[in-house]
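Understanding the architecture of this molecule
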Amino acid sequence: MKKILLPAIAVAIVVALAWPKLAPMFGDAEVSTQPQSRPAPAVRTMRLQPQPFESKLTFNGSLVADKSIDIRSELRGKVEAIHFRDGQDVEQGELIVVIEAGETAAELRSLQEQLALATTTARRLDNLFESGSVNASDRDDALSRRAVLEAEVERLQVRLAKTRIHAPFAGTLGLRQISPGDLIEPDTLITTLQTVTELNVDFSVPERYRALIEPGATLSLWVAGHNEPFSATVSAIDPRVDVSTRTLMVRATVANPERKLLPGNYARVELVSRDETALLVPSIAILQSLEAVSVFTVEDGIAVRREVETGYRDNDQVLILRGLEPGSEIITSGIQSVREGQPVTVRSPLDLG
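Keep in mind that what you see is a predicted model, and the values were worked out from it rather than measured.

Here the focus is the environment of Ala136. Tracing the backbone shows Ala136 in helix H3 (residues 136-161). Through-space distance from the C-alpha of Ala136 to that of Leu125 is 9.2 Å; in sequence the pair is 11 residues apart.

What follows is the structure, given as structure tokens:
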């Protein structure tokens with residue numbers, strides 16, 4: 001019996017020791033329950049370094065006069081005289097048009113006579129009241145009449161002054177729209193007046209370029225009919241963004257002593273910006289979504305998504321305004337397989353400066 005058991009035991013031991021190698025041959029290999037780790041995706045990167053960069057931004061604008069009004073009469077009346085020519089330059093306060101005022105002047109003289117009499121009467125009754133010769137009621141009636149007549153005289157004086165229309169500021173008059181003898185109404189256009197030796201150019205700027213435009217910045221204006229640009233200076237920036245267009249209005253001033261430019265001209269506005277420490281990334285590194293613009297960086301071997309604010313861009317590169325620092329390592333290739341917080345393998349990083 002012992003002779004039979006000993007060989008059997010020996011065979012069992014050999015089979016047990018060899019089973020891990022023999023099991024796959026019999027289809028009974030044990031299935032491993034240990035999770036298989038995914039290899040880190042391979043990416044290429046570049047390290048951000050400040051570099052000189054010059055960008056040119058173009059906007060659409062319109063030239064407008066710094067001061068501009070339509071001159072109209074405040075009264076209904078007949079035009080007595082016109083004291084200007086079409087396109088004439090005028091100084092502030094210069095007489096432009098006279099409206100007939102004979103009736104108003106006559107009424108004013110009548111009221112002035114009545115006022116003189118009322119003033120004398122009120123003074124006399126006031127003295128008599130002091131001496132007790134008249135009662136307070138008579139004295140008060142006289143004083144009240146004098147006050148009413150003073151107000152009427154003042155009203156007619158203002159009305160009479162409005163029959164003579166003066167230039168409210170120095171500028172250039174437009175075309176004459178009336179003739180002597182015309183009966184005009186308060187809404188009748190007489191002419192226009194505007195300043196033309198210095199103009200403004202108003203244009204809208206996308207909100208992402210706000211950091212590039214500051215008061216005092218120099219712009220170039222290209223206007224149809226002129227081969228050379230005009231220089232303008234940013235004077236003001238609207239503090240509110242238009243929520244419908246996501247833009248803000250900017251105003252610049254342009255000197256126009258030779259009057260080559262006209263209010264209403266269309267202008268192509270160019271802003272050239274030079275930054276000696278710009279941060280630029282390849283366009284392919286930019287991830288655009290409805291919520292934000294971002295890039296992937298590599299930090300301690302891990303992919304990290306960083307939201308950024310961008311400025312000028314072309315087919316090759318994008319200017320980073322905010323969100324990254326010099327020295328950041330940006331993933332430029334293999335982005336499609338990268339996930340937030342995932343380890344990555346960097347292959348041949350390009351240290352571009």
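Among the five residues that make up strand E21 (residues 329-333), four are buried, leaving the element largely enclosed by the rest of the structure. Alignment of strand E1 (residues 42-47) against E21, held across four bridges, turns out to be antiparallel. Bridged to Arg47 within E21 is Glu329.

Here we come to the environment of Asp66. Within the secondary structure, Asp66 sits in the loop between strand E2 (51-65) and strand E3 (68-72). For the pair formed by Asp66 and Thr195, sequence separation is 129 residues and the distance between their alpha carbons is 6.2 Å. Excluding anything up to four places from it in sequence, Asp66 contacts Thr195, Glu198 and Asn200. Among the polar contacts listed, one links the side chain of Asp66 to the side chain of Asn200, at a separation of 3.3 Å.

Attention now goes to the nonpolar core. Formed by 26 residues in total, the largest nonpolar core has its most connected members in Phe59, Val201, Phe203 and Ile213. Put simply, the parts of the chain that give this core at least two residues each are E2, strand E11 (198-206), strand E12 (218-223), strand E13 (230-237), strand E14 (247-255) and strand E15 (266-282). When residues no more than four places from it in sequence are discounted, the contact partners of Ile213 are Phe59, Phe203, Val205, Val234, Ile237, Val250 and Leu271. Ile71, Val79, Ile99 and Ile190 belong to the second largest nonpolar core, which has 15 residues in total.

Our next topic: the sheet that holds strand E7 (residues 164-166). Sheet architecture is open: four strands sit in the order E7-E6-E4-E9, paired in antiparallel fashion. A single partner strand is all that each edge strand has here, and the edge strands are E7 and strand E9 (183-184). Examined bridge by bridge, strand E6 (residues 95-99) and E7 share three bridges and lie antiparallel to one another. Its bridge partner lying in E7, Val97 is registered against Ile165.

Right, let's talk about the sheet that holds strand E5 (residues 89-90) for a bit. Strand order across the open sheet formed by four strands is E3-E10-E8-E5, with antiparallel pairing between neighbours. At either end of the open sheet lies a strand with only one pairing partner, and these are E3 and E5. Inspection of the sheet shows E5 paired to strand E8 (residues 171-173) by two bridges, in the antiparallel sense. Looking across to E8, one finds that Val90 is bridged to Gly171.

Moving on, we get to the packing of aromatic side chains. For the coordinates displayed, the defined rule picks out two aromatic pairs. Ring centres of Phe59 and Phe203 lie 5.7 Å apart, and the angle between their planes is 20°; this geometry places the pair in the stacked category. With Phe59 in strand E2 and Phe203 in strand E11, the pair connects residues that are 144 residues apart, well separated along the chain. Among the residues examined, Phe203 registers a relative accessible area of 1% and is labelled buried. With a centroid separation of 6.4 Å and 65° between ring planes, the pair formed by Phe59 and Tyr209 is classed as edge-to-face. Of this pair, Phe59 sits in strand E2 while Tyr209 sits in the loop between E11 and E12, and the two are 150 residues apart along the sequence. You'll find Phe59 and Tyr209 in the same group, each marked buried. Among the aromatic residues, those joined into a cluster by ring pairs are Phe59, Phe203 and Tyr209.

Okay, the pattern of salt bridges next. This model, assessed by the stated rule, comprises 15 salt bridges. Two residues, Glu185 and Arg76, come together in a salt bridge whose shortest N-O distance is 2.8 Å. Taken together, the positions of Glu185 in the loop between E9 and strand E10 (189-194) and Arg76 in the loop between E3 and strand E4 (77-82) put the pair 109 residues apart, joining distant regions of the chain. Of the residues examined, Glu185 reaches a relative accessible area of 30% and is grouped as partly exposed. According to the relative accessible area criterion, Arg76 is exposed, its value standing at 52%. For Arg306, the salt bridge goes to Glu299, with nearest N and O atoms at 2.8 Å. The exposure class of Glu299 is partly exposed, given its relative accessible area of 31%.

Our focus in this paragraph is the pairing of E6. Among the five residues that make up E6, five are buried, leaving the element largely enclosed by the rest of the structure. Summarising the sheet, E4 and E6 pair through three bridges and their orientation is antiparallel. By the bridge assignment, Ala81 is partnered in E6 with Val98.

What follows is about the side chain of Asn200. Within the secondary structure, Asn200 is located in strand E11. Apart from the residues within four sequence positions on either side, Asn200 is in contact with Ser62, Leu63, Val64, Ala65, Asp66, Arg251, Ala252 and Thr253.

Low-confidence regions, as indicated by low pLDDT, have predicted coordinates that should not be scrutinised in detail. Per-chain confidence: the protein averages 85 in pLDDT, with 88% of residues scoring 70 or above. Within the protein, the element-level pLDDT minimum falls on helix H1 (residues 2-22), averaging 52, and the maximum on E10, averaging 96. Confidence drops under a pLDDT of 50 for residues 26-35, and excluding neighbours within four residues, the segment shows five contacts in the predicted structure.

The rules we used
- Residues numbered from 1 in each chain as written.
- Predicted model: local features only at pLDDT ≥ 70, side-chain atom pairs only at ≥ 80, totals over all residues.
- Heavy atoms only, no water.
- Helix = DSSP H or I, 4+ residues; strand = E, 2+ residues; numbered from the N terminus.
- Buried < 20%, exposed > 50% of the residue type's maximum accessible area, 1.4 Å probe, protein only.
- Pairing = 2+ DSSP bridges.
- Contact = heavy atoms within 4.5 Å.
- Polar contact = N/O pair within 3.5 Å; in protein donor to acceptor, adjacent residues only side chain to side chain.
- Core = buried A, V, L, I, M, F, W, Y, C linked by side-chain atoms within 4.5 Å.
- Phe/Tyr/Trp six-rings, centres within 6.5 Å; stacked < 30°, edge-to-face > 60°.
- Salt bridge = Lys/Arg side-chain N within 4 Å of Asp/Glu carboxyl O.
- pLDDT = per-residue confidence, 0-100.

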